[in-house]
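The chain contents come next:
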Amino acid sequence: MAEPSSTTESQDASAASRSRARVKAGYGAVFAVKEFRAIFTAHVLSMLGSVFADASLAVLVFRQTGSAPLTALVLALGFLPYALSGILLSGVADRYPARRVLVACDLLSAGCVTLMAVPVTPLAVLFVLRFAVSMMSPLFTGTRAASLADILPDDLYVLGRSLVRMVSQGSQIIGYGLGGLALVWLSPRTALLVTVATFLGSALLLRLGTRGRPARASGGGAMMRASIASTRSLLGAPRIRALLLMWWIPPMFFIVAEGTAAPFADAAGAGSAGFGLIMAAMPAGTAAGEVLAGTLLGAAARERIALPLAAGSMLPMAAFAVHPPLPLAVALLLLTGLCAAYTLGMDQWFVHAVPATVRGSAMSLLGAGLMTLQGLGVTAGGAVAAFIPPYAVICGAGAAGTACMFVILRSVRATRTTAPATDAET
């Protein structure tokens, strides 16, 4: 019998490696990967720094202007540039080495925040600098998400993404809390220097703790034109488009509950304590759901529950039709968060559907759409809450979101057997 070819041996070794990865899959196995530890720590630093900057900028603008609209605008600039960046700059994530892009984004962000901290920086320039930092965020998050697929095999990638999401949720609570305490003793511009330090620390960790890899794709021509073409191609692929919508639509409706938390708590007579409970319920449920699914279920089981959980994820919000008291409202939002465990199954589908050469672009587009639609969702929910009771707004968001998801999930099911797009097609 002829000896196996080197190609066959390579394929067998790869298959064996994937099999071992699935057997060993668990959060502990993810942290055993040295490069992931560097990326994870850098993510913790940059997320805390970003949230800390938001708190500092909001206080700074309000103290200087006394204007609530301008204060809201500096916070909105954390959302608004995402769509523009995702469309115009996503190609950078694939055309240049990932480590170089990540470090450059951190250093440029640190430079912008340093200028914000300079006392003589005019308010108008501060807004421009905030816009610039926000333009880099989708590129950074997309490049990092794509690089995880290079570092973590198979199911470890799914668990790695889960850990990154949990940090993002937890850092909002911790970051705003620490920011509020620090601003008792520090001026807002001085406090911004903490953000500078976190970005520099993130850059150092990524530069020294990750391996340099070549760019995923090569090519010339105008970067923005290539990014737009990549976005058009990704949205033109039925499987990728269906999965993107499955990522984007639920959070757009989920955030309506958080956007109406203050008036709901006020109507319930619960005050700031009730507001805090409502705001924390869904993120806490989401973190718990991801931990349970990642710890107790294998890869196949997480994929099996993805569609049912996604379909029912907003039904607890629709149950607000009964005008629930505060304890029941918190329980319903906690349940909504638990259902978000469907994202672990989606992670594997998405990385399989997207060709490696455009993975960075796809992840940047995913993040850009996610943030943009959440911004639209919270704005729309707040506007509607001016005319109808908050509980009815949450109920309407849950019902409308559920109806949208049934349409989207039909597309996801219909494209399930579609072969992944080839690099040439994209």
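Residues numbered from 1 in each chain as written. Predicted model: local features only at pLDDT ≥ 70, side-chain atom pairs only at ≥ 80, totals over all residues. Heavy atoms only, no water.

Per an unreviewed UniProt entry, the protein chain carries the name MFS transporter and comes from Microbispora catharanthi.

A.B. asks: How should the overall build of the protein chain be read in this particular structure?
C.D. replies: Tallying secondary structure elements over the protein chain gives 20 helices and zero strands in all. The buried share among the 426 residues of the protein chain stands at 51%. At a minimum sequence separation of 6, the contacts of the protein chain that also span at least 24 residues come to 87%. Just so you have it, the protein chain exposes about 18600 Å², and 70% of that area is on carbon and sulfur atoms. (Helix = DSSP H or I, 4+ residues; strand = E, 2+ residues; numbered from the N terminus. Buried < 20%, exposed > 50% of the residue type's maximum accessible area, 1.4 Å probe, protein only. Contact = heavy atoms within 4.5 Å. Areas by Shrake-Rupley, 256 points an atom, 1.4 Å probe, with all protein chains shown as cover.)

A.B. asks: I'm lost on helix H17 (residues 326-339) in this one. Help?
C.D. replies: Helical periodicity: at 3.6 residues per turn, an α-helix aligns residues three or four positions apart in one direction. With 14 residues, H17 should reach 20 Å at 1.5 Å per residue; the first-to-last C-alpha distance of 20 Å fits that figure. When we look at burial in H17, the residues that qualify are Leu326, Ala329, Val330, Leu332, Leu333, Thr336, Gly337 and Cys339. (Expected span 1.5 Å × (residues − 1).)

A.B. asks: I keep staring at the nonpolar core and nothing clicks. Help me out?
C.D. replies: Nonpolar side chains in soluble globular proteins generally cluster together in the buried interior. Met246 and Phe350 are the most contacted members of the largest nonpolar core, which has 106 residues in total. Among the elements that make up this core, the one with the highest residue count is helix H12 (residues 238-259) (13 residues). When residues of this core are sorted by domain, at least three fall in each of domain 1 (29-211) and domain 2 (220-419). Ignoring sequence-local partners within four residues, the contact set of phenylalanine 350 consists of Ile240, Leu243, Leu244, Trp247, Ala362, Met363 and Leu366. (Core = buried A, V, L, I, M, F, W, Y, C linked by side-chain atoms within 4.5 Å. Domains from an automatic or database assignment.)

A.B. asks: Whenever I open this one, the packing of aromatic side chains confuses me. Can you help?
C.D. replies: When we look at a pair of aromatic rings, we describe it by the centre distance and by the angle of the planes. Taken as a whole and judged by the stated rule, the model has four aromatic pairs. Between phenylalanine 31 and phenylalanine 36, the ring centres sit 5.7 Å apart and the planes meet at 65°, which makes this aromatic pair edge-to-face. Given a relative accessible area of 0%, phenylalanine 36 falls into the buried group. Taking 5.7 Å as the distance between ring centres and 65° as the angle between the ring planes, the aromatic pair formed by phenylalanine 264 and phenylalanine 320 counts as edge-to-face. Of this pair, phenylalanine 264 sits in helix H13 (residues 261-267) while phenylalanine 320 sits in the loop between helix H16 (315-318) and H17, placing them 56 residues apart in sequence. For the pair phenylalanine 264 and phenylalanine 320, one class covers both residues: buried. Through successive ring pairs, a cluster of aromatic residues spans Phe31, Phe36 and Phe40. (Phe/Tyr/Trp six-rings, centres within 6.5 Å; stacked < 30°, edge-to-face > 60°.)

A.B. asks: Would you explain the packing of helix H7 (residues 98-117) against helix H8 (residues 123-151) in this entry?
C.D. replies: The description of two helices packed together rests on the angle between their axes and the distance between the axes. Put simply, H7 and H8 touch, their axes get as near as 9 Å, and they point 160° apart. By the angle between their directions, the pair H7 and H8 is classed as roughly antiparallel. Crossing of H7 over H8 shows left-handed handedness. Seen from H7, the contacting residues are Ala98, Val101, Leu102, Cys105, Asp106, Leu108, Ser109, Cys112, Val113, Leu115 and Met116; seen from H8, they are Leu126, Leu129, Arg130, Ala132, Val133, Met136, Leu139, Phe140, Thr143, Arg144 and Ser147. A class-by-class count of the residues in the contact of H7 with H8 yields 16 nonpolar, three polar and three charged. (Axes fitted to C-alpha atoms, helices over the stretch in contact; angles between N-to-C directions. Parallel < 35°, antiparallel > 145°, perpendicular 65-115°, else oblique. Left-handed = near helix turned anticlockwise from the far one by under 90°. Nonpolar A, V, L, I, M, F, W, Y, C, P; charged D, E, K, R; others polar.)

A.B. asks: Hey, could you run me through helix H15 (residues 299-312) in this one?
C.D. replies: Over its 14 residues, H15 extends 21 Å from the first C-alpha to the last, a length consistent with the 20 Å expected when each residue adds 1.5 Å. Bending of H15 peaks at approximately 35° at the position of alanine 306, with proline proline 308 no more than four residues after it. For H15, the complete set of buried residues consists of Ala299, Ala301, Arg302, Ala306, Leu307, Ala310, Ala311 and Gly312. (Bend = angle between axes of the 7 residues up to and from the residue.)

A.B. asks: What am I meant to see in the environment of proline 81 here?
C.D. replies: In this fold, proline 81 is placed in helix H5 (residues 81-88). In this structure proline 81 touches Phe131, Ser134 and Met135, once residues within four positions along its chain are discounted.

A.B. asks: Hey, could you run me through the packing of H8 against helix H19 (residues 359-384) in this one?
C.D. replies: Between H8 and H19, the shortest axis-to-axis distance is 7 Å and the interhelical angle comes to 130°. The angle between H8 and H19 falls in the class oblique. Handedness of the crossing formed by H8 with H19: right-handed. Taking contact as the criterion, the partners of Pro138, Leu139, Gly142, Thr143, Ala145, Ala146, Ala149 and Asp150 in H8 are, on H19, Arg359, Gly360, Met363, Ser364 and Ala368. Considered class by class, the residues forming the contact of H8 with H19 number seven nonpolar, four polar and two charged.

A.B. asks: How do you make sense of the environment of valine 125 when you look at a structure like this?
C.D. replies: Structurally, the position occupied by valine 125 is in helix H8. For valine 125, a relative accessible area of 37% corresponds to the partly exposed category.

A.B. asks: Explanation requested: unusual backbone geometry in the structure shown.
C.D. replies: Most peptide bonds take the trans configuration, and most residues that are not glycine carry a negative phi. Despite not being glycine, histidine 323 shows a phi value in the positive range, around 50°. The exposure class assigned to histidine 323 is partly exposed, which follows from its relative accessible area of 47%.

A.B. asks: Before we go on, may I ask you to explain a nonpolar patch on the surface in this structure?
C.D. replies: Together, Leu115, Val118 and Val120 line one region of the surface with nonpolar side chains, adding up to about 270 Å² of accessible area. The residue valine 120 is located in the loop between H7 and H8 in this model. A relative accessible area of 72% means that valine 120 is categorised as exposed. (Patch = residues over 30% accessible without salt bridge, like charges linked within 9 Å, V, L, I, M, F, W, Y side chains within 5 Å. Salt bridge = Lys/Arg side-chain N within 4 Å of Asp/Glu carboxyl O.)

A.B. asks: Just checking my understanding: could you explain the side chain of arginine 130 for this structure?
C.D. replies: Residue position: arginine 130 is located in helix H8. Look at arginine 130 and you get buried, because its relative accessible area is 9%. Not counting the four nearest positions on each side in its chain, arginine 130 is found in contact with Asp54, Leu57, Val74, Leu77, Gly78 and Met116.

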